[in-house]
Structures are given as C-alpha cells and as structure tokens.
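# Chain and residue survey
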Amino acid sequence: MKMKINLERMQLTRENLKPFQLRATDQLVQMLQTYPNPPFKRRFNPETGEPYPFICRLKAITGSGKTPMLATMAATLGDAIILWTTNRGAVISQTVAKLSAGGSYDPLLPEGTEIHALGDLAGTDWTNLLTAQSGLTILLGTVALFNREDKGKETLNLHKDRNGTSYWQMLAGNGPEGRARPLYVVYDEAHGTTKAQFSRLAELNPYAFILASASPLPQELSDMIPGNTSEEKSENLERQTVVVPTAEVVEAGLLKTRLYLVDCNTTREQAVSDSNEKWLDLRRKVSGDEGPIWCGVVNSTLAGLEVWAVLTEKLGIASERIAVHLASVNANVAAAGPIANWALLQDTKTAGKTPEQLRADGYTHIIWNLSLREGWDEPWAYVAYLDGTGKSTTDISQKIGRFLRQPNATPFEDGDLNSAYFYFNVPDKEFSDLVQATQSDLQNEGYEIVVISGDSSRPGTSQSVPVKKAIEIPMVAETFGEDLEILDNILLDAVTDFSEAALKAPGKVKTKVIDVRRSQEDGSLEKVEHRDENADVAVWKYLFDRLGAIDSRVVKKGNTRFSHDLKTKPKMRQRMQYGSEAMRVLNDALPSIQQQLNNEFRLEYEPDSIYKVGPFIMSSPNLRTDDPVKKERYAVRKYKNALHAEYNGLNPFEAEVAEALDKCSNQWCRNPSRTGYGIPIPVLGEGTTDFYPDFLLWGKKSLWAIDPKGKHLLNDAVQTKIHGLANVYDMPQRIRVALVIEGNYTMGSDNRPKQVGKDGCTLVWKDGDTVKAKSFQAPELLISYLAKL
C-alpha cells in the first residue's frame, strides 16, 4: 500500500523537526550539560553517601514525537551508553527499527551509533560495548528484562553468574570488567512502573534518568529530587522538566484537533451501526489507498465476535476487510453460536500479524483489545466503538490516546478529517468522569506536587521472624447449604415473565466534543439524539452482577452458588433494556433477595483445611524517618512468650495489648492481616468477607481471636465479627472473638456498646447468646481474665 511505502521512505533530520521539538531537545541538552552546576543540585543517598542520578524529564503528550526528540538529545551525549527502556514490549521493537540504520530516526544519531535489542546481545557484543571507550551505544529493552525473578532466557542471561560477576554488574560499572563509558537511562512512558523496577535501574549507577512521559512523576523517584519538603521538591522538579504544550503539538499538525465522545445509551448493534456510519462518511471524503480505519475496542473475545457478526451480517462489511485481533478466537466461536459465518473470519492474532502488518494489509476495520493496545498508534484510526461496560474511565481514556495522531502529520482542509470519533456505552456518571479524565490526560502544563513517601528512606524492606514452634488451628468456611434448589428459587421467585413492553426502554446518544488544542470541552457542539431502544442485558447476568457487587461470595469468578443451569431457565434468559420497567422491578427486589440468601448463609467447620502459624514478616523494621508516629509504629519490639521473638507495625493501643499478652504465661502471637488466620464474616453485604484478628491467645478452654478496636469501628465490629464463630459446632478447638476497646463501655438496650468513661479498657465478647461488655483498669487485667476462659 502507498501508506507503507511513505512510512518506509520518510526519514527525519534535525532540519525537518518541528520548532517545539527542537526547543525541547535543546532545553534537555542544556540541563544535562549544566548539571551538577547551579541551578541544579545534587541529591545524595543518605545511607551510602553516593550521589543519586540526575532526574530530568520531557513531559509531552502521546504523538508529540518524543522518540525523535530523545534521539536528537542522545546525539549530544558524546561517548556514552544509553539504556533505553519502557514497560511496553511492542514499543521496543518499533524503536529499534526506527533508530537502526535506514530507519526513520537514523539521521538524527551520530554516524556509527550502535543499536542493540538488549535481549539479543551475544557474548562478543557485551565485550565490545563494555570495553569500548568511545562512540554511542543504545541498548533497548523492557523493564521485565531486569526482573531477577523472571525465568525468561534473556533475563537469566543478563543476571547469569560469570566468574563472580554478571553482565548486569558490568553494565553498572562494577569490577575490572565494568563499562568504560558513562551510562544514561532513557525511560519512555515511565508511569505504571513499580518501585522494584526503578530500584533495579538505580543499581546501574546511571549519570541521569531521562524520563519521557506526560504522566506525573512516579513517587518512587521522589527521593532523587533535591529538597526536604514537598514544596521544595516540586519546585526543583519543575526546574528539571521540559514541558511541550499540547497546543503547539496540535498547531504543528501532529495531532487531531477534536475528539467527539459519543455516549450511546442504545443497543450494541445500534452503537456499532452509528459508528460505522461515521466511518463511511469520512471514507467518502478521502481518495486514494489511504483512508480512515474503524476500530472495535472490546473487553472480551466473545464481545468482539458479536461485533464482527454485526459488521458482516447486519452492515454488509466484507469479512476480508475486518481484522479480528483477539485471543482464543476458535475457543469462543462455539460460545458465540451460529450467528454468523465464522469460516470467513480473519483471525490476525493467531496469524501473528504485527500492527505494521495490519496497516500494510489494508484492513479497514480492526477489532482488538489488550493484545493490540500496546504500542499501537495508528494515525488513520478515526472511528472507534469502545465496549466500555465494566471498564474504568481511566482504561477507556488511555485507549482514546491511541487515536490522537494525525495522518502524515498534516491537517486536512475538511475539519471532520482532523477529528477522532468514539462511540461507547457507559453510565451517565462514568461518561462525565470520562470527559474529565480525557481532558486531564491532554493537559500537561502547570505545577506538579511531588508526594514524599513517609517510608522513602527504606522503601520496601522487610524481615522474616521465624515461628518458635509449629501450631495448627482449625479452619471455618462459609456455606449456603447443599440444596441448590432453595437458592435457585430465591431468584426465580423474584423474576416474572415480563411483557415485551416492560423489557424495553428508549435510548439516547449524547455527544460531547473536546478541543485538543485547549484541552477543554466545546459546549457549542454538544448534542443529544434519541433512539427507540437502549442497551440490553440478560436477566441472569444482571442479577449475578448485582449480587456479586453486594458480596463476592455469592458470585466467584463466574461460578455462582446457584445451579449451573439456572441461567438457562426461560425467566433468566429474558433480555431487558437499561431503564426498563423490568430492570426497576428487579432492582427493587434485590434487598429481599439479599435477606433470603443471608437466611441460608452460615459458617461451618472445615475438617479438610488447617491453618499453620508461620513466620511473621515485619515491614520496614526500625524505619528511619523524621515522622515520630511512623517511627514508633515500625519500631521492633521483643517479646518472651509470643510464638515469634519480635513484632512491629503496632499502634500505641495495640502495643499496650501486646505487652499485656506477653506478661501472661499463655502462648500468643500476632496475626498478619490478609495472610494470617482469617474468620469469614457471617453476613452478606458487609463490605468485607473475612476478619483477621490482630492477636491470637491460647486460653484455658478457648483460642481467643483478639482485636483492639477504635470506637469509630466498634459498632460494625460488634454486628459482624463477634458473632462469627458462635454457632459453628464440632470444632476440635473452641475459637471465640474478643474486642478490646479503649475506655469504659457498657452494652446498651440496642445491643450496641455505650461509652460511660474514658479510663481503662473494655472487653466485648459473646457469652452464649448474649453480647457482654466488661471493663478493666488496664489491658493486663483484661488479658489475664481472658486467659482463664
């Protein structure tokens, strides 16, 4: 195709870069050449005394040409090694091709620059790049290659022991075989990177981190920014940032000028049809081989197949023009059913076609999801149907960013061809949030606040404390009983055979327009159109989704507590439209359904499972910080009678209770949250499914699950946690829950604790069928009382 030929021939030189690209590049170069002289300051590691790498940043929107700007900057570094990395795999292969000899950005680099994919380096390549004292070498790889826990071939090669060292250590400049040239790290799209990944990059002792992103600075790098307060760091970060205004990128013709966001409160078929009609309108405006591309961006393969069926069966789009770039297509065809001629489907994902090949093969319609989103920026992508149901506005906003580039970086006379169009179906509130999120993503000017992490002096450190002896605790589990027919009938009794009119509701299409140049809504172009029907959903799916949102234990990863064939019942297969009378009826029935399910829900002894008390993991032990509250919380405290020799992470009242436990002769232990001994909450819809007591105490007759509570959490705790194990029988060891509260409390007539004094502490526990409260002068006396029960 002509488009492919143009892309291969077009090469950039410094002379044909845009003015804003040259200005931004020169500012980056000036920063790197000026550091460490004023106005830039060095920042030193407080533990090693070594200087941190210099942080400088190119803050620019996707489509502004960050890669050619960085390549132009790289040409000024002289004799150096650049590690060019990102967290997006597809970007690496594209960047290697563009920087290599004959690539579109090759003329921007010094003659003789060596370009290598990090995972492809052979032993001789490593020797040459490490020993070379002159020239520029650029290594490209994803951050996944630096992960020592990754067992991939390239990762193992990078960290493999080589006579007491490794290529990683050599690249860091360590030992006699270490690199002979300074190292710079270029990080493209640094958002989404983990603390561990940045820590590994810092191990390489680079002279500078050069970040290219429109996103806020990752918090993990705040230590490297000079300043002792958030305000000082923010000022220095602003000084070390080159901002490319979005308006200048638009004015230069690199981006589309308007984004039309169309919220389709209609059926999927109608939304796909409306978006395809816009594509046809745009296609008629363009002559030649190049032309607008329609995209169906879906969340699942099954949804993508349904979109394909609409395009081919309803709208008459030739199947050979539609690329279906989805995972596991064959496995999902059977689930989709005989709604289309699947033999004609073009499965480009299984065929292994790259974004470049899809472009070259001339597809006019592409159906894709995460498998193509990475690294896919197609200037001719103009119209998209985004199947937004169940996805966050942030996710949708990020997908919109893939459509911003303008074909051939040249505006058309027809303003419709300088715009992108997005059709999706999300709730009205999410639509408003989406518009705001998209505007925010387009804005990159302004003052950025740098958050200082309270534990930044020693991020992520931990210490394992071994358990003194092995102890096992019986487990409990939740159950709805074994009679699934009872549960099925709870739902079936709530659903009627709705009339056709009750299942339908009118829909509407709301369009809002964002002016990319100003990063603001253009209210003059907003409009609302009405449709006869709305988007629909099966009754069973609506109920399962709503019940799963109330409590995940009702629906776990699609496997419900109901019989497998419940969803095939005629009542449950009815499809109702959003806003219909049928949906209102079912929504009103949900409280009753929840209550009936709660009546069947209970806890039981789980004889096939046991919990073994294991090592205790202390987070950030003896944290070095100026914050006295955090310093006290993470202080390591030693204990004599506990199952572990020491603990940390205690607030002041928890520390008092721990001291009282240790003075008692009974064995006890700290119980880790989420990984320790969990007790299911015996009520559905409480916002959490399991209760992890802070401490376990082995009393004379019972194992006590002890939880020190603040009074603001007390009432919820009494209603949900204290009753947890009261009616579980046949347990080999009796387990009881005790809440320990600061202050003096009694039980009120409403069975809720009432405070009558501030001194001492109070034990709240269940004795038979009664919840009791007993006050003590100190935690030591309370624990001594419990140990005898």
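As a reminder, the structure under discussion sits directly above these lines.
Residues numbered from 1 in each chain as written. Predicted model: local features only at pLDDT ≥ 70, side-chain atom pairs only at ≥ 80, totals over all residues. Heavy atoms only, no water.

## What to know about helix 11 (residues 268–283)
Put simply, the test is: A helix here means a DSSP run of H or I that spans at least four residues, while a strand means a run of E at least two residues long, and both kinds are numbered starting from the N terminus. Here, expected helix span is obtained from the residue count minus one, scaled by 1.5 Å. Exposed residues in this analysis have more than 50% of their type's maximum accessible area, buried residues have under 20%, and partly exposed residues fall in between, with area computed by a 1.4 Å probe over protein chains only.
Look at helix 11: 22 Å from first C-alpha to last across 16 residues, which is about the 22 Å you get at 1.5 Å a residue. Burial in helix 11 covers these residues: Ala271, Val272, Asp274, Ser275, Asn276, Lys278, Trp279 and Leu282.

## Some thoughts on the sheet that holds strand 1 (residues 54–59)
Hydrogen bonds between backbone atoms are what pair the strands of a sheet, whose relative direction is either parallel or antiparallel. Defined as follows: Strand pairing requires that DSSP identify at least two bridges connecting the strands. For helices, the fitted axis covers only the stretch in contact; all axes are lines through C-alpha atoms, and the angles between them, taken along N-to-C directions, range from 0 to 180 degrees. We call two residues in contact whenever any of their non-hydrogen atoms come within 4.5 Å of each other.
Taken in spatial order, the seven strands make up an open sheet running 3-4-2-5-6-1-7, and their pairing is parallel. At either margin of the open sheet sits one strand with a lone partner, and together these are strand 3 (114–117) and strand 7 (241–243). Mean inter-strand twist for the sheet, computed between neighbouring axes without regard to direction, equals 15°. Helix-sheet contacts for helix 2 (residues 19–34) involve strand 1, strand 5 (183–188), strand 6 (208–212) and strand 7, and the interaxial angle to strand 1 is about 175°.

## A short note on the packing of helix 12 (residues 301–314) against helix 13 (residues 329–336)
To be explicit about the condition: Oblique is the label for every angle not falling under 35 degrees (roughly parallel), over 145 degrees (roughly antiparallel), or within 65 to 115 degrees (roughly perpendicular). Helix crossings get a hand from a simple test, with the near helix turned counterclockwise from the far one by less than a right angle marking a left-handed crossing and a clockwise turn marking a right-handed one. For this classification, Asp, Glu, Lys and Arg are treated as charged, while Ala, Val, Leu, Ile, Met, Phe, Trp, Tyr, Cys and Pro are nonpolar and the rest, including Gly, are polar.
Relative orientation of the contacting elements helix 12 and helix 13 amounts to 65°, with a least axis distance of 9 Å. For the element pair helix 12 / helix 13, the angle class is roughly perpendicular. Helix 13 is crossed by helix 12, and the crossing has right-handed handedness. For the pair helix 12 and helix 13, contact is made by Thr301, Leu302 and Leu305 and by Val329, Asn332, Val333, Ala335 and Ala336, respectively. A per-class count over the contact of helix 12 with helix 13 returns six nonpolar, two polar and no charged.

## Side note on the packing of helix 24 (residues 652–663) against helix 26 (residues 779–787)
The contact between helix 24 and helix 26 brings their axes to 8 Å, and the two run at 50°. The angle between helix 24 and helix 26 places the two elements in the oblique class. Between helix 24 and helix 26 lies a crossing whose hand is right-handed. The residues of helix 26 that touch helix 24, namely those facing Phe653, Glu656, Val657, Ala660, Leu661 and Lys663, are Pro779, Glu780 and Ile783.

## A few points about the pattern of salt bridges
Opposite charge on two side chains lets them pair, provided their charged atoms get close. Heads up, the rule is: Salt bridge, as applied in this entry: a Lys or Arg side-chain nitrogen positioned within 4 Å of an Asp or Glu carboxyl oxygen.
A complete count under the given rule lists 24 salt bridges for this structure. Ionic pairing is found between Arg584 and Asp588, a salt bridge with its closest N-O pair at 2.7 Å. Of this pair, Arg584 and Asp588 both sit in helix 22 (residues 581–600), four residues apart, roughly one helical turn. Residue Lys663 is joined to Glu780 by a salt bridge in which the shortest nitrogen-to-oxygen separation is 3.7 Å. With Lys663 in helix 24 and Glu780 in helix 26, the pair connects residues that are 117 residues apart, well separated along the chain. Of the residues examined, Lys663 reaches a relative accessible area of 58% and is grouped as exposed. We classify Glu780 as partly exposed; its relative accessible area is 41%. Here the residues in one salt-bridge network are Glu478, Asp551, Arg553 and Arg561, joined through shared partners.

## Some points on unusual backbone geometry
Note the cis peptide between Tyr35 and Pro36, where omega equals 10°. Looking at where Pro36 falls in the secondary structure, it is placed in the loop between helix 2 and strand 1. Cis geometry marks the peptide bond from Pro38 to Pro39; its omega dihedral reads 10°. In this structure, Pro39 sits in the loop between helix 2 and strand 1.

## Description of the environment of Phe544
Looking at the element boundaries, Phe544 is found in helix 20 (residues 539–550). When its relative accessible area of 6% is taken as the criterion, Phe544 is described as buried. Each C-alpha atom of the pair Phe544 and Phe562 lies 9.9 Å from the other, and the pair is 18 residues apart in sequence. Those residues in contact with Phe544, other than ones at most four positions away along the chain, are Leu491, Val555, Thr560, Phe562, Leu566 and Lys567.

## A few points about the side chain of Glu654
Note the cut-off: Think of it this way: Lys and Arg go in the positive column, Asp and Glu in the negative one, and His and the chain ends go nowhere.
In this fold, Glu654 is placed in helix 24. In this structure, Glu654 is buried with no salt-bridge partner, the nearest side chain bearing the opposite charge being Arg670 at 4.4 Å. With near-sequence residues (within four places) excluded, Glu654 lies in contact with Gly649, Arg670, Asp694, Phe695 and Pro708.

## Focus on helix 22
Applied cut-off: Here the bend at each residue means the angle between axes fitted to two seven-residue stretches, the one ending at that residue and the one beginning there.
For helix 22, with 20 residues, the first-to-last C-alpha span of 29 Å sits near the 28 Å given by 1.5 Å per residue. At Leu590, helix 22 shows its largest bend, some 40°, and a proline, Pro591, comes one to four positions later. If you check which residues of helix 22 are buried, you get Ala582, Met583, Leu586, Ala589, Leu590, Ile593, Leu597 and Asn598. Against helix 18 (484–492), helix 19 (500–503), strand 20 (536–538), helix 20 and strand 23 (575–577) lie the buried residues of helix 22.

## Observations concerning the packing of aromatic side chains
Aromatic rings in a pair are described by how distant their centres are and how their planes are angled relative to each other. Stated formally: Stacked, edge-to-face and tilted are the three classes for Phe, Tyr and Trp ring pairs, Trp counted by its six-membered ring, which pair at centre distances within 6.5 Å; planes under 30 degrees apart are stacked, over 60 edge-to-face, the rest tilted. Here, a charge over a ring is recorded when the distance from Lys NZ or Arg CZ to the ring centre is within 6 Å and its angle to the ring normal is within 35 degrees.
Counting across every chain of the model gives 22 aromatic pairs. Geometrically, the ring pair formed by Phe40 and Phe54 is edge-to-face, given 5.5 Å between the ring centres and 65° between the ring planes. Remark: Phe54 occurs in strand 1 and Phe40 occurs in the loop between helix 2 and strand 1; sequence separation between them is 14 residues. Each member of the pair, Phe40 as well as Phe54, carries the same accessibility label: buried. Ring centres of Phe480 and Phe601 lie 5.0 Å apart, and the angle between their planes is 50°; on these two criteria the pair is classed as tilted. With Phe480 in the loop between strand 16 (472–479) and helix 18 and Phe601 in the loop between helix 22 and strand 24 (602–612), this residue pair connects regions lying 121 residues apart in the sequence. Of the two residues, Phe480 and Phe601, neither departs from the other in class, the shared state being buried. In textbook terms, an aromatic cluster arises when at least three aromatic residues are bridged by ring pairs, as seen for Tyr35, Phe40, Phe54, Tyr184 and Tyr207. In this arrangement the basic side chain of Lys567 is found over the ring face of Trp540, its NZ or CZ atom lying 4.2 Å from the centre. Geometry around Tyr785 places Lys774 over its ring, the cationic atom sitting 5.5 Å from the centre.

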